[in-house]
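# Breakdown of the fold
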Amino acid sequence: MTRAQSTAGPAARVFGWIGWAGADAVGRILLLTVSTAVLSRLASPREFGVTALVLTVVAVMSVFVGAPFEEALAQRRGLRRGHLEAALAASWAAGLALLALTIPGGYALGAFYDAPEIGLLLPIASLAMFFSGHTDIATALARRRRRFNDVAYANLVGHAIGVGVALVVAFLGHPAWALIGVRLFVMIARAILLQARLGALIRPRWSGARLRELGRFAGFSFLERLADNLTYLAFNNVVGAVYGVTTLGYVNMAMRLIEPIRGAVIATAHNLAFSFFAAANADRASLTATAETVAARAAYVITPIFVGLAAVAPALLPAVAGPGWDQAAEIAVFLALGGALAVPARLVFTALSASARPEFGLASSVLGFVATVVTLIGAIALGPLAVGLARLVGDGVQAAIAIGLPTRLLGWSRTARLKAFLPPWALAGLMGLAVGAATAALRPFGDVTALVVATPAGVAIYVALLALFARPTLHALAGGVLKRKSGRTGT
């Protein structure tokens, strides 16, 4: 480590790491956008809807396979190889049991939605569980070693391989299998690449004692991830049952535009911030200061991403997916605004998780899930727009909980938390209004033209707003980048 790096504060180091982590996230988003642009022209809305049902079920099952262990392994003070091996053994055992259930379950789901192809799609797609669980456990080891570059490499190259193979399947005339294959092929490639990069072969070996040592934290982490994924499952099944799988295809297209970006930002922010929060956990004052600094400044970076997406979504989605997907653009606006509220606030739960208190993140996910389902059912009269509104309400509930938690938990007062998140929300909102107006005015000249003009204008407007109303933060963010460059060049 250079002198410049060693003297940089936690925020500067976080934003330095975001350089390569961001490259991974942007690369994956571009790859998924390309796949969406191609597949939307080869597959019908019904095929998007059917595969959305299948992939959502697989996502929920994957929680049982890998989610209980990643956070438990990452935060444990004394980790032995036996913990990793026992976690992998339990992961594969759960995967085998769930795979057996997909055979009758797939045929039952296919009969309910009058989509018999689900009977074969679901068991094949479920093979991704085994590689997903292995990746979660390997990622925990990489996080402990701060090998974030290896995680980024495996993610990016794995997506390049998986998307490439899926597109070949699509061009061979099997678009539904290609939609399934994007997830399956990416999971396989990512697991193999990360294992190879770490150079530490993890083999399954059962140990009840080691699993019990991971028990409490693993249980809360599992339930939190399960609540998040049940939100998607409820979305898809309520929409599919009430509106049919074709409308579900529009919802799935909107989520394909927003969710890869949301997932990449959440993973990057959580993994990087978690390491700093965990290092500061021994001293309460240090943890409080680190949480305030990292979460507050990260909000200025994260919030405008999603507000900007909401502003340009009416032009971005048609440009990516082509004609015939207009309803999806309206849903995408709500999904993006929900991300602007919830994603920055989630760092509060990351700080609590690093101090071995994941139950608050679980409570937030459960209450957000309840609010989402209640809104989704209560707003059925709004049609497909209810799906986006329900997600916005659920995300708003999670953000409110993050701000409203008792001061004693982190030593960070509610008022200070509100003051940390409110300015970036307000400044990003002003930028979003301007960009939304510009996008609407420019769309008659073409969606691509609107994007080319409105996107850089939004960046310029936001930087100008920071210079006017949050100059210390702008200097701090710029200083973090400069310190990173200084440390890299040795100046």
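Residues numbered from 1 in each chain as written. Predicted model: local features only at pLDDT ≥ 70, side-chain atom pairs only at ≥ 80, totals over all residues. Heavy atoms only, no water.

Under an unreviewed UniProt entry, the protein chain has the name Oligosaccharide flippase family protein and belongs to Methylopila henanensis. For the protein chain, the Subcellular location (unreviewed entry) comment in UniProt is given as "Cell membrane". Per UniProt, the protein chain has the following entry under Sequence similarities (unreviewed entry): "Belongs to the polysaccharide synthase family." (UniProt positions renumbered as here; feature names shortened; annotations may be inferred.)

### Remarks on a nonpolar patch on the surface
A contiguous nonpolar surface patch, about 320 Å² in accessible area, is contributed by Leu120, Ile124, Leu127 and Trp177. We classify leucine 127 as partly exposed; its relative accessible area is 34%. (Patch = residues over 30% accessible without salt bridge, like charges linked within 9 Å, V, L, I, M, F, W, Y side chains within 5 Å. Areas by Shrake-Rupley, 256 points an atom, 1.4 Å probe, with all protein chains shown as cover. Salt bridge = Lys/Arg side-chain N within 4 Å of Asp/Glu carboxyl O. Buried < 20%, exposed > 50% of the residue type's maximum accessible area, 1.4 Å probe, protein only.)

### Digging into the packing of helix 14 (residues 359–378) against helix 15 (residues 385–404)
Following both chains from N to C, one finds helix 14 and helix 15 inclined at 150°, their axes separated by 8 Å at the closest point. The orientation of helix 14 with respect to helix 15, classified from their angle, is roughly antiparallel. The way helix 14 lies across helix 15 gives a crossing that is right-handed. Facing helix 14, whose interface residues are Ser364, Ser365, Leu367, Gly368, Ala371, Thr372, Thr375 and Leu376, helix 15 presents Ala386, Val387, Leu389, Ala390, Arg391, Val393, Gly394, Val397, Gln398 and Ile401. (Axes fitted to C-alpha atoms, helices over the stretch in contact; angles between N-to-C directions. Helix = DSSP H or I, 4+ residues; strand = E, 2+ residues; numbered from the N terminus. Parallel < 35°, antiparallel > 145°, perpendicular 65-115°, else oblique. Left-handed = near helix turned anticlockwise from the far one by under 90°. Contact = heavy atoms within 4.5 Å.)

### Considerations on the pattern of salt bridges
For the coordinates displayed, the defined rule picks out six salt bridges. In this structure, arginine 443 and aspartate 447 form a salt bridge, with 2.8 Å as the shortest nitrogen-oxygen distance. The exposure class of arginine 443 is partly exposed, given its relative accessible area of 33%. Residues participating in the shared-partner salt-bridge network are Glu259, Arg262, Arg391 and Asp395.

### Describing the confidence of the model for the protein chain
Looking at the protein chain as a whole, its pLDDT mean stands at 82, while 86% of the residues score no less than 70. In the model, residues 1–8 has pLDDT below 50 throughout and makes ten contacts with residues more than four positions away in sequence or in other chains. (pLDDT = per-residue confidence, 0-100.)

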